[in-house]
Each structure stands twice: as structure tokens, then as C-alpha cells.
Amino acid sequence: MDIKEIQSLIKFVAKSGATEVKLETDEIKITIRTGSATGGHETTYVQQVPMAQAPITPAAAPVASAPETPAQKEAEADSKLITIKSPIIGTFYRKPSPDKPAFVEVGSTIAKGDVLCVIEAMKLFNDIESEVSGKIVKILVDDSSPVEFDQPLFMVDPS
Amino acid sequence: MQIIKLNATDSTNLYLKDLMNKRSLDDFTIVVADSQTLGRGQMGTKWESDPHKNLTVSILKKMESEQFDNPFLLNICVSMAVFNTLKTLHIPSLKIKWPNDIMSGHFKICGILIENIISGPRILYSIIGIGLNVNQEKFLDLPNVSSLKLLTGRNYELDGLLLKLQRELKNSFKVIEEKGADAIRDQYESVLFRKDKPSTFKDANGQVFMGFIRGVSDQGKLVVAHEDEFLREYNMKEISLLY
């Protein structure tokens, strides 16, 4: 059921004079309550079955829009992030040498071409440069731990 | 051809890497230092060398696109270049100890440290660091280390040696271009230290066992035949050869 169908359903219920209508399908559960029972305002609830109940604001206007749950927001934010993966098998190092500070931390601003980490394999030391500019959001691997080919290493927010 | 000579630097690899970020350099540009204050070996270890006596050099190799999809090939390429350089000098009992130590008998005479600059899936360039013990006569607390001078009794001229080395390195890359990676890998395997000889190894758990080095895998892992003839492949940290 899309948002337009929900909107027309709300209008239909409001016009009908019914105080409450419940609709349940495999994927959605909707409860629409009209004004009289809750003190003159129309209240609408839309619920996506697998998620927590998300009330739609008790607005004067009878137009409902599905709010984003925290999970949805995170998923959307993650989809904007770029994952930097390991090009080789080896040992992941966050520092150029043990007595030096890490190349990047969470929150570091990076430019294209900046070195993010070193991956050592068979005495080859591989400086991994960033292909993007942005901000380090997550570091997914601990210092000095083994990494596989294509294993995600960093999440970068390019915006 | 660009050769940059320094009296002293922290590390020729670092110097070359910094320079590469500042201006464009020719392929096979050389940085050589009389003395290196922060020479490096494996992560966190040092490479120490008396000033003016040895070759401490870094050579730049720019990569064509996708030329080195297998980074281990670089270890093979550089080891073979050093090996061939020393062979022309008739250094006795030369072998390559996996992955890239150059040995004369039981003595290590050369260390190699290669740094690749990788962006996305490809190597942009490599900084090839080579530390060759030439005229140094004393190595404190390093029983398995030697120099060309100690092995042959001769003094060697460093500049000439460096040019030979650069020539051999170019040649190694040419072998790969013209004959393919397998050709140079065959050469490398044929001169592996303790190949096909009964050897003692220690694995990551400290377990000591007997086996025979048979070669290297495509990824550069050491292939060892156990006494039951079963072949196993080992990473750097999973095995050490006792000799």
C-alpha cells in the first residue's frame, strides 16, 4: 500500500463519519481514528508490521506521511557512506610504525590520495590510499589484525 | 636517469616517498644514502648499517595499469635482481630465503623492503628498498649476518654496484613483460634457500616439525611438503625456518 492509497483511505474514513477503522494486511497494519473520540483532532496510526509502532502526528490536516524510524534513518545514512575495502590479504596496520600516531581516526577529514592504513603481506608494505575525500565514520578492523581480500576496512562519508 | 645522493637521511624509502608526493620522478629513480638513521626492516624492526660501507638505496618503480595484480611478484622480481647482481660478482653459495632475504651460505647479506602505494585495486608505484651489506666487517649481536667483504675479502666500489643493481632490476621487470610471470617465478623457485632439503620449521603454535620446501604459491605463500608428503601453504607469520 503506498502513501497515496493511505491518504485517500484517511479521507474516506473522515468523510464516512466512522470513529475508528482498522485495516490489517500481510505487510501493513493501519488504525485510523477520527476526531470525536480524541477531543476534536484526527489521529492516524500507520504501522509497518515488522517494526515498532510509529504514530503519525496528530495533525489537524488529515494528511498522513510515514515517519522514518531510527533504523530507516541509519540505513539511509549508511547508503550514502562509501566502504573502503582491502585490496589484498595481509595484516592491517593503522600506524606507519608502532611509535607513530595512526594515519586516521574516526572523524578525521581525508582527501583523495591520503594514506589510510598499511597492509603488510609477505614483507610487502602496502600503503592504502583513499580514492575519495570525506570523513572517516567507522574503522571496522583493529590495528595489527589479519584482513581478507575485499574485507571492509573503513566507512567514509563523502559529503 | 635520476640518482639522488644523500649524506644522511632517516630512511631512503621515506625520502623517496615524500619526494614522489612533491614532484614527478622518472621510473627507476634512485635515492642512495651514505648513512641511514632510521632504516627499517619488518614492521617495527630496524635495519642497521655502518655509514659509507654499505648500499642503502631505494628505487622507484612506477606501475602501468594492472601490471602487478599479484604484489608478491615484486618480491620475486627484486630478489632475483639482487641475486643476479651478486652472481656476476661470484659471491659463493647464493640463495634466496623466502620471501626475500639474500643469503650466502647461512649468512644474510641483503634485506629488501618494498612499499607499494595502492589506490583502489591497483598499485600506483612501488618504493623498493634494498640494504646490501658490502664493505662492513663487524656485525654486533647478529650471528647470521655477513657482507660481501667478509665473504670474499675484497672491497667493493658502491657506485658501480648500484648501477649494476639498477640494471638487473630493469632486466627483472623486462623478463616479466616479455616472458611472463611464470618465467621469473621458476628462476626464483630454483634458487630458494633449502629447497627440497630436509628442514626444520616452527609453526605459529611453537610446534617444531620436519619438512621440505617445494616452492611458492601464486599468492607467495611458502609450499612445504610434510613427512607424509602432504603439501601445506604457509604465510609469513605461520612458519619460520630453523637453520
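Rules and cut-offs
- Residues numbered from 1 in each chain as written.
- Chains lettered and ligands numbered in written order.
- Predicted model: local features only at pLDDT ≥ 70, side-chain atom pairs only at ≥ 80, totals over all residues.
- Heavy atoms only, no water.
- UniProt positions renumbered as here; feature names shortened; annotations may be inferred.
- Helix = DSSP H or I, 4+ residues; strand = E, 2+ residues; numbered from the N terminus.
- Buried < 20%, exposed > 50% of the residue type's maximum accessible area, 1.4 Å probe, protein only.
- Contact = heavy atoms within 4.5 Å.
- Areas by Shrake-Rupley, 256 points an atom, 1.4 Å probe, with all protein chains shown as cover.
- Rg over C-alpha atoms; globule rule 2.2 N^0.38 Å.
- Lys, Arg positive; Asp, Glu negative; His and termini not counted.
- Charge placed at Lys NZ, Arg CZ, Asp CG, Glu CD.
- Core = buried A, V, L, I, M, F, W, Y, C linked by side-chain atoms within 4.5 Å.
- Buried area = accessible area lost by both parts, 1.4 Å probe.
- Salt bridge = Lys/Arg side-chain N within 4 Å of Asp/Glu carboxyl O.
- Polar contact = N/O pair within 3.5 Å; in protein donor to acceptor, adjacent residues only side chain to side chain.
- Nonpolar A, V, L, I, M, F, W, Y, C, P; charged D, E, K, R; others polar.
- Pairing = 2+ DSSP bridges.
- Patch = residues over 30% accessible without salt bridge, like charges linked within 9 Å, V, L, I, M, F, W, Y side chains within 5 Å.
- pLDDT = per-residue confidence, 0-100.

- Chain B carries the name Biotin--[acetyl-CoA-carboxylase] ligase in an unreviewed UniProt entry, which gives Maribacter arenosus as its organism.

- In the annotation of an unreviewed UniProt entry, chain A is listed under the name Biotin carboxyl carrier protein of acetyl-CoA carboxylase and assigned to Maribacter arenosus.
- Under the Function (unreviewed entry) heading, UniProt states for chain A: "This protein is a component of the acetyl coenzyme A carboxylase complex; first, biotin carboxylase catalyzes the carboxylation of the carrier protein and then the transcarboxylase transfers the carboxyl group to form malonyl-CoA."
- We quote the UniProt Pathway (unreviewed entry) comment for chain A here in full: "Lipid metabolism; fatty acid biosynthesis."

## Re the overall build of chain A
Turning to step 1, where the next piece is worked out: Along chain A, the regular secondary structure elements total two helices and twelve strands.
Turning to step 2, where the next piece is worked out: Along chain A, from the amino end to the carboxyl end, the secondary structure elements read α-β-β-β-β-α-β-β-β-β-β-β-β-β.
Turning to step 3, where the next piece is worked out: Buried residues in chain A amount to 35% of all 159 residues.
Turning to step 4, where the next piece is worked out: A fraction of 47% describes how many contacts in chain A between residues 6 or more apart in sequence connect residues 24 or more apart.
Turning to step 5, where the next piece is worked out: Carbon together with sulfur atoms contributes 54% to the accessible area of chain A, which is approximately 9,100 Å² in total.

## Observations concerning the overall build of chain B
Turning to step 1, where the next piece is worked out: Helices and strands together make up the secondary structure of chain B, namely five helices and twelve strands.
Turning to step 2, where the next piece is worked out: Computed over the C-alpha atoms, the radius of gyration of chain B is 18 Å, within 12% of the 18 Å expected from 2.2 N^0.38 for a compact globule of 243 residues.
Turning to step 3, where the next piece is worked out: With respect to the principal axes defined by its C-alpha atoms, chain B has extents near 55 × 45 × 35 Å.
Turning to step 4, where the next piece is worked out: Out of the 243 residues in chain B, the part that is buried amounts to 54%.
Turning to step 5, where the next piece is worked out: Here the contacts in chain B between residues at least 6 apart in sequence split such that 60% fall between residues at least 24 apart.
Turning to step 6, where the next piece is worked out: When the accessible surface of chain B is totalled, it reaches about 11,500 Å², and 48% of it is carbon and sulfur.
Turning to step 7, where the next piece is worked out: Distance between charge centres in chain B, computed from 31 positive and 30 negative side chains, equals 4 Å.

## Concerning the UniProt feature "domain: Lipoyl-binding" (unreviewed entry) in chain A
Turning to step 1, where the next piece is worked out: Under the feature "domain: Lipoyl-binding" (unreviewed entry), the UniProt entry names residues 81-157 of chain A.
Turning to step 2, where the next piece is worked out: Here residues 81-157 of chain A runs as 0% helix and 49% strand, with 5 Å between its end C-alpha atoms.

## Focus: the nonpolar core
Turning to step 1, where the next piece is worked out: By size, the foremost hydrophobic cluster in this structure holds 77 residues, and its most contacted members are Phe154(A), Leu86(B) and Trp98(B).
Turning to step 2, where the next piece is worked out: Broken down by element, this core gets its largest block of residues, eleven residues, from helix H2 (residues 72-88) of chain B.
Turning to step 3, where the next piece is worked out: If we skip the residues at most four places from it in the chain, Phe154(A) touches Ile82(A), Thr83(A), Ile84(A), Phe92(A), Val104(A), Leu116(A), Cys117(A), Ile136(A), Lys138(A), Ile139(A) and Leu140(A).

## Observations regarding the interface of chain B and chain A
Turning to step 1, where the next piece is worked out: The interface is formed by 32 residues belonging to chain B together with 19 residues belonging to chain A.
Turning to step 2, where the next piece is worked out: Here chain B packs against chain A, burying approximately 2,100 Å² in sum over the two surfaces, 59% of which is carbon and sulfur.
Turning to step 3, where the next piece is worked out: Joining chain B to chain A, the criterion identifies three salt bridges.
Turning to step 4, where the next piece is worked out: Joining chain B to chain A, the criterion identifies eleven residue pairs in polar contact (both at pLDDT 80 or more).
Turning to step 5, where the next piece is worked out: Elements with a minimum of two residues in the side of chain B that touches chain A: H2 and strand E6 (107-119) of chain B.
Turning to step 6, where the next piece is worked out: With nine residues, E6(B) is the largest single contributor of residues to the side of chain B that touches chain A.
Turning to step 7, where the next piece is worked out: Taken together, the residues of the side of chain B that touches chain A break down into 15 nonpolar, eleven polar and six charged.
Turning to step 8, where the next piece is worked out: The pairing of strand E9 (residues 124-129) of chain A with E6(B) spans six bridges and is parallel. Bridge pairing in E6(B) places Asn126(A) opposite Asn116(B).

## Some points on a nonpolar patch on the surface
Turning to step 1, where the next piece is worked out: There is a patch of nonpolar side chains on the surface, built from Met1(B), Ile3(B) and Leu163(B) and spanning about 280 Å² of accessible area.
Turning to step 2, where the next piece is worked out: On the accessibility criterion, Ile3(B) (34% relative accessible area) is partly exposed.

## Some points on the sheet that holds strand E5 (residues 82-85) of chain A
All names here are of chain A.
Turning to step 1, where the next piece is worked out: Spatial strand order, E5-E12-E10-E7: four strands in an open sheet with antiparallel pairing. Each end of this open sheet is capped by a strand with a single partner; those strands are E5 and strand E7 (109-110).
Turning to step 2, where the next piece is worked out: Pairing geometry for E7 and strand E10 (residues 134-139), over two bridges, is antiparallel. When the bridges of E10 are listed, Thr109 appears paired with Lys135.

## Description of the confidence of the model for chain B
All names here are of chain B.
Turning to step 1, where the next piece is worked out: When pLDDT is averaged along chain B, the result is 91; 96% of the residues meet or exceed 70.
Turning to step 2, where the next piece is worked out: Within chain B, strand E4 (residues 94-97) carries the highest mean pLDDT (98), whereas strand E2 (residues 30-36) carries the lowest (91).
Turning to step 3, where the next piece is worked out: The ipTM assigned to the predicted complex is 0.83, against a pTM of 0.76.

## Some details on the pattern of salt bridges
All names here are of chain B.
Turning to step 1, where the next piece is worked out: Tallying each qualifying case throughout the model produces 13 salt bridges over all chains.
Turning to step 2, where the next piece is worked out: The residue Asp159 makes a salt bridge to Lys5 at a minimum N-O spacing of 2.9 Å. Of this pair, Asp159 sits in helix H4 (residues 158-179) while Lys5 sits in strand E1 (residues 3-9); the two residues are 154 residues apart in sequence, bridging distant segments of the chain.
Turning to step 3, where the next piece is worked out: For Asp218, the salt bridge goes to Arg185, with nearest N and O atoms at 2.4 Å. Taken together, the residues span a long stretch of sequence, with Asp218 in the loop between strand E9 (208-216) and strand E10 (222-226) and Arg185 in helix H5 (residues 181-190) at a distance of 33 residues.

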